[in-house]
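Coordinates in review
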Amino acid sequence: MVNDGLSRYLDAFWNRVDAVLFILQSTAFFLRIAILITGDQDVRRSGDKALFQIQFDFQVFGLLCFILRSTELLNLHPAMGEVFLILREM
């Protein structure tokens, strides 16, 4: 039953984008918390910058996903609706 609801939810493209956005931003958030807990706040002095870089990458990919998601707002304005249709078809 739960699988049916989840599969119906993920059938829509924007819902998949929302799910990926949530996963990316949540991962970036928890990695940032891990950086703060370990006390590795000054990454310039630390030798291991890998955790900070991974967190930053997740945050950037989440931002790109958010920009993709916000293109749906173009559909609200009548003049931009045609631009949105062209972008969506491309």
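The structure this text deals with has already been given above.
In short, a report on the structure. The structure presented is a predicted model; accordingly, all values stated were derived computationally and were not measured.

1. A closer look at the overall build of the protein
When you go through the protein residue by residue, the secondary structure sums to 4 helices and 0 strands. Secondary structure elements of the protein occur, N-terminal to C-terminal, as α-α-α-α. In the protein, which comprises 90 residues, the proportion classed as buried is 18%. Here the contacts in the protein between residues at least 6 apart in sequence split such that 53% fall between residues at least 24 apart. In the structure as shown, the protein presents an accessible area of about 7100 Å², 68% of it carried by carbon and sulfur atoms.

2. Some thoughts on the environment of Gln25
Within the secondary structure, Gln25 sits in helix 2 (residues 13-38). For Gln25, a relative accessible area of 30% corresponds to the partly exposed category. In this structure, Gln25 is in contact with Gln59, Gly62 and Leu63, ignoring residues within four places of it in sequence.

3. Comments concerning the packing of helix 2 against helix 3 (residues 50-70)
Two elements in contact, helix 2 and helix 3, have axes separated by 8 Å at closest approach and are oriented at 155°. For the element pair helix 2 / helix 3, the angle class is roughly antiparallel. The way helix 2 lies across helix 3 gives a crossing that is left-handed. The class makeup of the residues in the contact of helix 2 with helix 3 is 19 nonpolar, 5 polar and 3 charged.

4. With respect to the pattern of salt bridges
Under the criterion given, the structure shown has 1 salt bridge. Taking the shortest distance from any N to any O, the salt bridge between Arg69 and Asp18 comes out at 2.6 Å. Taken together, the positions of Arg69 in helix 3 and Asp18 in helix 2 put the pair 51 residues apart, joining distant regions of the chain. Judged by its relative accessible area of 24%, Asp18 falls in the partly exposed class.

5. Some thoughts on the packing of aromatic side chains
Working definition: an aromatic ring pair is given by the centre-to-centre distance plus the angle between the planes. Scanning all chains against the criterion turns up 2 aromatic pairs. Arranged with centres 5.1 Å apart and planes meeting at 65°, the rings of Phe13 and Trp14 form a pair that is edge-to-face. Ring centres of Phe29 and Phe30 lie 5.4 Å apart, and the angle between their planes is 70°; on these two criteria the pair is classed as edge-to-face. Judged by its relative accessible area of 56%, Phe30 falls in the exposed class.

Conventions we followed
- Residues numbered from 1 in each chain as written.
- Predicted model: local features only at pLDDT ≥ 70, side-chain atom pairs only at ≥ 80, totals over all residues.
- Heavy atoms only, no water.
- Helix = DSSP H or I, 4+ residues; strand = E, 2+ residues; numbered from the N terminus.
- Buried < 20%, exposed > 50% of the residue type's maximum accessible area, 1.4 Å probe, protein only.
- Contact = heavy atoms within 4.5 Å.
- Areas by Shrake-Rupley, 256 points an atom, 1.4 Å probe, with all protein chains shown as cover.
- Axes fitted to C-alpha atoms, helices over the stretch in contact; angles between N-to-C directions.
- Parallel < 35°, antiparallel > 145°, perpendicular 65-115°, else oblique.
- Left-handed = near helix turned anticlockwise from the far one by under 90°.
- Nonpolar A, V, L, I, M, F, W, Y, C, P; charged D, E, K, R; others polar.
- Salt bridge = Lys/Arg side-chain N within 4 Å of Asp/Glu carboxyl O.
- Phe/Tyr/Trp six-rings, centres within 6.5 Å; stacked < 30°, edge-to-face > 60°.

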